[in-house]
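Observations on chain architecture
Now for the letters of each chain:
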Amino acid sequence: SNIGGTATLVGDPPNIMIASAARLTFMDFINVNALIIAIIFVFFALTIWLGFGPRVRVTEEQRQRVLEFDESRTITDHRLLRRCLAIIGLTLIGFVIHGRLGLAPATIALSGAALILLLHSEGPRQVLEEVEWPTIFFFIGLFIMVAGLVNVGVVELVGKALVGVTRGQSMALAMAVLGFSALASGLIDNIPFVATMTALLHSVAVSVHPSPETASFVEIVQHPAMMPVWWALSLGAGLGGNISLVAASPNVVVAGIARRAGHPITFKRFLKYGVLLTVPYLGITWLYLWLRFFR
């Protein structure tokens, strides 16, 4: 899920934040991230097949039990299902053309959610009760803290230091962001890390642009020297989410499910597989960014 989520704007929360910060569209992510993610996924699937395939064995009884599952029984409201599928289709179309419409991805997503709530006869109360409000308020607090760091000048100071270390060279900056994003995401979770990095890269973009005083916001954040850096952040944070158990939300969710099923996954065990898988993929990503933007 971490690998696949990196391919599109709506696949992973970090990409949504990066898209908003750099004014990138749904199709921008398809054009840049989707190809390398497809290649990495093939390598991942092959690795899993070679590494775990020979050890995975099930009895005929277990196989038949799975084949006897009737998935249609889980659908209790076919009318609502058809409505949801139609609205999801419209939402996906909206994501594809939101750049031409001049609408933010969040506007498209909230419009689709609001339409489903309006068409659902039972009202929104039950749905709203199931929303992860603690997580939402966590992000509200996180963004307030990041804004505070921006306003007191800490982010600008770090941004200038990063430009100084890389001497303002786009390739060095992009590769530094790729590696640092993967490492930091593996340690502190990629969502809060990206929330801080987007503010930092805004400061870097101002330092890199030759005439930030007269340029528009979009011209600054989408300066040719900055575009590889945004994609390095997206790919580094997305793939870095595979390094450790706490690096991304899906890891924590799967670990919880596995523990309840009697197959606990420890932090050390996850780290062992995560590092072995992620490091080669970062190498492939580095090569891809070089071929795409610097060759």
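Residues numbered from 1 in each chain as written. Predicted model: local features only at pLDDT ≥ 70, side-chain atom pairs only at ≥ 80, totals over all residues. Heavy atoms only, no water.

**Quick look at a nonpolar patch on the surface**
The condition is simple: Any residue with relative accessible area above 30% and no salt bridge may belong to a patch, with like charges joined within 9 Å and the nonpolar Val, Leu, Ile, Met, Phe, Trp and Tyr side chains within 5 Å. Note on areas: Shrake-Rupley, 1.4 Å probe, and residue coverage restricted to the protein chains presented here. By salt bridge we mean one thing: a side-chain nitrogen of Lys or Arg within 4 Å of a carboxyl oxygen of Asp or Glu. Helix numbers and strand numbers start at the N terminus; a helix is a DSSP run of H or I with at least 4 residues, a strand a run of E with at least 2.
Residues Leu90, Ile93, Val96, Ile97, Leu101, Leu103, Leu115, Leu118 and Leu119 make up a contiguous nonpolar surface patch of about 800 Å² in total accessible area. Counting only elements with at least two residues in the nonpolar patch, the list comes to helix H5 (78-101) and helix H6 (105-119). The greatest single-element share of the nonpolar patch, amounting to five residues, is contributed by H5. Checked against the element boundaries, Leu103 lands in the loop between H5 and H6.

**Some points on helix H13 (residues 227-240)**
Given 3.6 residues to a turn, an α-helix orients residues that are three or four positions apart in the same direction. Inclusion rule: Between the first and last residue of a helix there are one fewer steps than residues, each counted as 1.5 Å, and that sum is the expected span. Residue exposure (1.4 Å probe, protein chains only): buried if accessible area is under 20% of the type maximum, exposed if over 50%, otherwise partly exposed.
Over its 14 residues, H13 extends 20 Å from the first C-alpha to the last, a length consistent with the 20 Å expected when each residue adds 1.5 Å. With 14 of its 14 residues buried, H13 lies for the most part within the structure.

**Here we look at the layout of surface pockets**
Condition: Only protein atoms enter the 1 Å grid, on which a cavity is a set of points fitting a 1.4 Å probe that cannot get out and a pocket is an open set with protein on both sides within 12 Å along at least 5 of 7 lines, lining residues being those with an atom within 4 Å of a point. Grid points are joined across faces, edges and corners, and a volume is the space filled by probe spheres set on the points. Basically, the charged four are Asp, Glu, Lys and Arg, the nonpolar ten are Ala, Val, Leu, Ile, Met, Phe, Trp, Tyr, Cys and Pro, and anything else, Gly included, counts as polar.
The volume enclosed by the largest pocket comes to roughly 1200 Å³. If you go around the largest pocket, you meet 28 residues; those closest to its centre are Pro13, Ile16, Thr135, Ile136 and Phe139. When contributions to the lining of the largest pocket are tallied by element, the ones reaching two or more residues are helix H2 (13-22), H6, helix H7 (125-129), helix H8 (133-151) and helix H11 (190-208). The element that contributes the greatest number of residues to the lining of the largest pocket is H6, accounting for seven residues. For the lining of the largest pocket, the residue count by class is 22 nonpolar, four polar and two charged. The space that makes up the second largest pocket amounts to roughly 760 Å³. Forming the boundary of the second largest pocket are 25 residues, of which Phe44, Ile48, Phe270, Tyr273 and Leu277 lie nearest the centre. Breaking the lining of the second largest pocket down by element, the ones donating at least two residues are helix H1 (2-5), helix H3 (26-52), helix H14 (249-260) and helix H15 (267-294). Counting residues per element, the lining of the second largest pocket draws most heavily on H15, which supplies seven residues.

**Here we look at the side chain of Thr198**
Condition: Contact between two residues is taken to exist if any of their heavy atoms lie within 4.5 Å; hydrogens are not considered.
On the secondary structure map, Thr198 appears in helix H11. Residue classification places Thr198 among the buried residues on the basis of a relative accessible area of 10%. The contact partners of Thr198, leaving out residues within four places of it in the chain, are Met17, Ile18, Ala21, Trp230 and Leu233.

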